[in-house]
Amino acid sequence: MRKGFLQFHVPDIGEEEIQVVLETLRSGWLTTGPKVKQFEENFAKYIGARHAIAVNSGTAALHLALDAVGVKEGDEVLVPTMTFAATAEVVLYLKAKPVLVDCQPGIFNIDPKEIEKKITKKTKAIIPVHFAGEPCDMDRIGEIARQHNLKVIEDAAHALPAKFKGRMIGTIGDITAFSFYATKNITTGEGGMITTDNDDYAEKMRIMSLHGISKDAWKRYTAEGSWYYEIQYPGYKYNMTDIAAAMGIQQLRKCDRFWEIRRQYAALYHDGFSDLPEITTPVVQNNVQHAWHLYVIQLDLERLRITRNEFIELLKKENIGTSVHFIPLHLHPYYRNTYGFKPSDFPNATGAYERIISLPLYPRMTEDDVQSVIEAVRKIVGQYSKPIGSSG
Ligand SMILES: *Cc1c(COP(=O)(O)O)cnc(C)c1O
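Keep in mind that this is a model prediction, so the values were computed, not measured. (Residues numbered from 1 in each chain as written. Predicted model: local features only at pLDDT ≥ 70, side-chain atom pairs only at ≥ 80, totals over all residues. Heavy atoms only, no water.)

The next point concerns a nonpolar patch on the surface. A surface patch of nonpolar side chains, about 310 Å² in accessible area, is lined by Ile-18, Leu-22, Leu-25 and Leu-30. Looking at the element boundaries, Ile-18 is found in helix 1 (residues 15–27). Its relative accessible area of 38% is what places Ile-18 among the partly exposed residues. (Patch = residues over 30% accessible without salt bridge, like charges linked within 9 Å, V, L, I, M, F, W, Y side chains within 5 Å. Areas by Shrake-Rupley, 256 points an atom, 1.4 Å probe, with all protein chains shown as cover. Salt bridge = Lys/Arg side-chain N within 4 Å of Asp/Glu carboxyl O. Helix = DSSP H or I, 4+ residues; strand = E, 2+ residues; numbered from the N terminus. Buried < 20%, exposed > 50% of the residue type's maximum accessible area, 1.4 Å probe, protein only.)

This brings us to the nonpolar core. The biggest cluster of nonpolar side chains holds 46 residues, and the ones touching the most others in it are Leu-66, Ile-175 and Met-205. The set of elements that each furnish at least two residues to this core consists of strand 1 (51–55), helix 3 (58–68), strand 2 (76–80), helix 4 (85–93), strand 8 (175–179), helix 7 (199–208) and helix 13 (347–353). Looking at which element gives the most residues to this core, the answer is helix 3, with 7 residues. Not counting the four nearest positions on each side in its chain, Ile-175 is found in contact with Ala-65, Ala-68, Val-69, Val-152, Ile-153, Glu-154, Ile-194, Thr-195, Thr-196, Tyr-201 and Met-205. Ranked by size, the runner-up nonpolar core spans 43 residues in total, among them Ile-126, Met-138, Ala-245 and Val-288. (Core = buried A, V, L, I, M, F, W, Y, C linked by side-chain atoms within 4.5 Å. Contact = heavy atoms within 4.5 Å.)

What follows deals with helix 11 (residues 308–317). Listed as buried for helix 11 are Arg-308, Phe-311, Ile-312, Leu-314 and Leu-315. Projected down its long axis, helix 11 shows its buried positions confined to an angular sector of 165 degrees, all on one face. Residues of helix 11 that are buried sit in contact with strand 12 (279–280), strand 14 (295–299), helix 13, strand 15 (356–359) and helix 14 (367–384). (Arc of directions from axis to C-beta.)

Before going further, it helps to spend a moment on the sheet that holds strand 14. The strand order across the open sheet formed by 3 strands is 12-14-15, and the pairing between neighbours is antiparallel. Of all the strands in the sheet, the pair left with one neighbour each is strand 12 and strand 15. Relative to strand 14, strand 12 is paired through 2 bridges, and the arrangement is antiparallel. Directly across from Ile-279, in strand 14, lies its bridge partner Leu-299. (Pairing = 2+ DSSP bridges.)

Okay, structure coming up:
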C-alpha cells in the first residue's frame, strides 16, 4: 500500500504563477486591466478563435453565451443529464427550460439520437458537454443544429486542449465556454473564458459581462480614461480580475505540457487495467484529441461482489482519493421534483452512474503515484471479483 494519501486533485501552481500574482498585487491594478487583455489575446491565439472574453467562472461563460444567442423565457435548451449543475442552471437563469438528454451507452457524451427525439418548436439551443475531455460528435450535432435552426453552445469545461477532426474545441460551435476552476486542466482559482468567431455575440457578451455598460461612446470621442459610460442593458458582474488573469497567462503557457503528462498517465492506466474484465477503461473515438481532464473507469458489477461505493471506500483505505463524475442531473432532488423524472427515464446515464469512478489524473502526480493507483485497483479487483454467473 502507498504511504500517504493521494489527493483526487492538486492544482499545479508553480513559482511563475506566484511571482506574477505578487507583481500584479504590487502594480496596484487588481481588477480587469492589462493582464486580462493579455490573457484574452493569448487564449484566442492558442485556440485559434477570433474572440476570447475572460470572465470569473465557467458558469458565467455559459450564462453569457445563452444570453447572447437570445435564449429567453419559454425557450427550451437541450442539456445532457450527465453533467455538472452549471450546464443546466444557466438555462434556468434565463427562465428557459433545460431539457435533459441521455448519454451514449459506454461513452458519457450526449447521444445525438436522443437529441433528435427531444427537439420541439420551442428548442433554441444545444449545450454539448465534452465529458472528461472527449469531444462530442460535432459533425452530427452541427448537422442537427442546422436542420432545426438551433444554436450550439459548447460546454468545454473539461476540453482544454481538445480537438475534433483536427479542429480545436473552441472554434466549432457558435460559442464555447471554458472553465478555470481549481480542478480544471488549467486554473485561475475561479475563472472562465468564452470563445466565438461571431462579432455580434462577442460584443454582446463583453458588454453583459460588466453591467451592460458600453464604453464605445467615449472610445470614439475622447481620450482613454474618460468618466463617461452608458448602460445598454441590465448586465451582470462577471469580469475577471487581473490577479486571476496573471495566473491564467502562466497556466496557458504550460497547457500543452500539462496535457502531455495527462495523456501519458491515461496510457499507463489503460495498460494497467487492460487485462481486467472487471474494469472498463475510457473509449476514445477516432479522429479526436482527448483533453484527459478525467479518467473515468466503469466497474463490471456482475463480476464483483462489492458496489461502486464500497470500491471507493476500499480505495480510500488504500490511500487513494477518487471522485464520481457525475451524479446525473435527473437524479437530483430539484430536477426530480420539478420535472418528475424517474431513474429509468435516462437508462444510459443511470446505469453508468452506478458503475463509474474517476481516478486521480493530474500533472502534479508522479508515475509512481499512477502505479500505486493501478496496484490498489488491481488488489481490490483481485479480492472481490467473482466468477461471472455465480451468486453472492
Ligand atoms: C466545472 C464545470 C463547469 C463550471 O465551471 P465553473 O468555472 O466552476 O463555473 C461547467 N460545466 C462542467 C461540465 C464543469 O465540469
